[in-house]
Amino acid sequence: MNYKIGVIKGDGIGPEIVTEAMKVLDKVAETYHHKFNYTQLLMGGCSIDANGVPLTEETIQACKDSDAVLMGSIGGNTTTSPWYKLPANLRPEAGLLKLRKSLGLFANLRPCVLYPELRQACTLREDISIQGFDMLIMRELTGGLYFGERRTEEVDGVMTAVDTLSYNENEIRRIAVKAFEVAMKRRKKVTSVDKANVLDSSRLWRKVVEDVAKEYPEVTLEHALVDSTAMQIVKNPAHFDVMVTENMFGDILSDEAAMVTGSLGMLPSASLNETKFGLYEPSGGSAPDIAGKNIANPIAAILSGAMLLRYSLDLQEEADAVEHAVQKVLQEGFRTGDIMSDGCKQVSCSEMGSLIAERI
Ligand code: NAD
């Protein structure tokens, strides 16, 4: 099959790690007889340098014309880079926010996996980490507290600030459907996280998720309160498969879950809209401190490519092949500097990409 993939290499380590992800995708194409037609696009600091703005209409349109977009990371050193002397709406991150909005990306997926080979990086006690874990946090990305009406004003002589947490049933239904669809491709369990003992928005959330669950009888649904979920993530992370939650809860829980894996360079992410289209990128930033040295860990970008195959192109076998290749390389003891440990063999960013591609 022929597929159109938009590629935003971005800034910092972005070009290095995306090049390796493309090397792996090319090997997938060769092995499984597909054709990936790449369109290289600018966004972030590199777009500011070339076009004076972090995101152009041409880039937005080219993304819309693609089946999926693979992205590196954007931004520079926020203290020293001239990009951060610009007004906020012209800085690199403004491009990313605008792109997500223009593409209607309302579902953010962050898998947090503890690979047995990287167990020593896990921040949890050994009796917990020994069990391993593989959870996927699905965060609603365009509603809730971060997008609600807000104001700061003086009320009876006292400064008062108000933020509004609002969700309608359609916004909840579409993210719930995504969560169940994704669960069908995994271990068929959904934990819906809310604060239904206090918040009206959570009570509606719970009701709509329960309605959607009826359409997925194979998937087990459980509800959990956000405070107890925060504890469960550090107490028993193996309990979770797909976790779905509103914007702010997801923001906090996904960082907590990422942290307990201990390896930022290993974590991919996806942002999806109502169609199969998605934007796939590593969870980490552009790491300007190590950019251009060929030492960054490309695995998060490579696994983002695997998510692209799985969720936008529906190529399950190919996605499995990439994930198994990553695991194999780790089992064989190859490591980039950030995940290096005694007895392993340290390799560069490009060597890591080649090793993974060779095992497809
Ligand atoms: P960062 O994630 O870029 O770096 C944090 C630390 O992790 C650094 O020491 C870095 O070297 C290391 N690191 C990150 N990815 C790595 C990898 N693949 N391999 C090896 N080490 C890796 O976070 P930061 O330094 O706070 O931010 C740098 C820039 O990235 C900022 O401009 C920030 O705004 C931007 N940023 C962009 C995105 C995005 O593109 N979605 C996300 C987060 C941060």
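Because the structure is a prediction, the values reported are computed rather than measured. (Residues numbered from 1 in each chain as written. Predicted model: local features only at pLDDT ≥ 70, side-chain atom pairs only at ≥ 80, totals over all residues. Heavy atoms only, no water.)

**A closer look at the side chain of S192**
And step 1. Considering the arrangement of structural elements, one finds S192 in strand β8 (residues 189–194).
And step 2. You can call S192 buried: its relative accessible area is 0%.
And step 3. The residues touching S192, leaving out its near neighbours within four places in the chain, are W205, V209, L221, E222, H223, A224 and V244. (Helix = DSSP H or I, 4+ residues; strand = E, 2+ residues; numbered from the N terminus. Buried < 20%, exposed > 50% of the residue type's maximum accessible area, 1.4 Å probe, protein only. Contact = heavy atoms within 4.5 Å.)

**Structural notes on the site of the ligand**
And step 1. Taken together, 22 residues form the shell around the ligand, and within it G76, E93, G285, A287 and N297 come nearest.
And step 2. Within the side chain of Y84, an N or O atom sits 3.0 Å from an oxygen atom of the ligand.
And step 3. Take S286: an N or O atom from its main chain is 3.0 Å from an oxygen atom of the ligand.
And step 4. Expressed as a share of its isolated accessible area of 810 Å², the protein-covered part of the ligand is 68%.
And step 5. The residue inventory of the shell around the ligand, partitioned by class, reads 9 nonpolar, 9 polar and 4 charged. (Near = heavy atom within 4 Å. Polar contact = N/O pair within 3.5 Å; in protein donor to acceptor, adjacent residues only side chain to side chain. Areas by Shrake-Rupley, 256 points an atom, 1.4 Å probe, with all protein chains shown as cover. Nonpolar A, V, L, I, M, F, W, Y, C, P; charged D, E, K, R; others polar.)

**So, the domain arrangement of the protein chain**
And step 1. Segmenting the protein chain into domains produces domain 1 (1–108 + 265–360) and domain 2 (123–260).
And step 2. Using only C-alpha atoms to locate each centre, domain 1 and domain 2 end up separated by 25 Å.
And step 3. Taken residue by residue, the interface counts 15 residues in domain 1 and 14 residues in domain 2.
And step 4. Summed over both sides, the interface of domain 1 with domain 2 buries roughly 1200 Å², with 62% coming from carbon and sulfur.
And step 5. Considering only the surface of domain 1 that becomes buried against domain 2, F106, N108 and Y311 emerge as the three largest contributors, covering 52% of it.
And step 6. Taken together, domain 1 and domain 2 are joined by 2 salt bridges.
And step 7. Ionic pairing is found between R174 and E274, a salt bridge with its closest N-O pair at 3.7 Å.
And step 8. Connecting domain 1 to domain 2 are 6 residue pairs in polar contact (both at pLDDT 80 or more).
And step 9. Looking at the side of domain 1 that touches domain 2, the elements that each hand over two or more residues are β4 (107–114), β11 (268–272) and α10 (299–312).
And step 10. Looking at the side of domain 1 that touches domain 2 residue by residue, the class counts come to 6 nonpolar, 5 polar and 4 charged. (Domains from an automatic or database assignment. Buried area = accessible area lost by both parts, 1.4 Å probe. Salt bridge = Lys/Arg side-chain N within 4 Å of Asp/Glu carboxyl O.)

**Overview of the packing of helix α1 (residues 14–32) against α10**
And step 1. Running from N to C, α1 and α10 cross one another at 45°; their axes reach a closest spacing of 8 Å. What the angle tells us is that α1 and α10 run oblique. Taken as a pair, α1 and α10 cross one another with a handedness that is right-handed. Contact residues: I17, E20, A21, V24, L25 and V28 in α1; A301, I302, G305 and L309 in α10. (Axes fitted to C-alpha atoms, helices over the stretch in contact; angles between N-to-C directions. Parallel < 35°, antiparallel > 145°, perpendicular 65-115°, else oblique. Left-handed = near helix turned anticlockwise from the far one by under 90°.)

**Here's the deal with the nonpolar core**
And step 1. Counting residues in hydrophobic clusters, the biggest one holds 71 residues, and the most contacted among them are F36, L70, L109, M138, Y280, L309 and I356.
And step 2. Broken down by element, this core gets its largest block of residues, 9 residues, from α10.
And step 3. The residues contacting L109, other than those within four sequence positions of it, are L136, I137, M138, V182, P268, S269, A270, L272, M307 and Y311.
And step 4. Counting residues in each nonpolar core, the second largest holds 19 residues, with C112, I128, M243 and L253 among its members. (Core = buried A, V, L, I, M, F, W, Y, C linked by side-chain atoms within 4.5 Å.)

**What about helix α6 (residues 169–184)?**
And step 1. Under the 1.5 Å per step criterion, the end-to-end length of α6 is 22 Å for 16 residues, consistent within 8% with the ideal 22 Å.
And step 2. The backbone nitrogen of N170 lies 2.9 Å from a side-chain oxygen of the residue at the head of α6, namely N168. (Expected span 1.5 Å × (residues − 1).)

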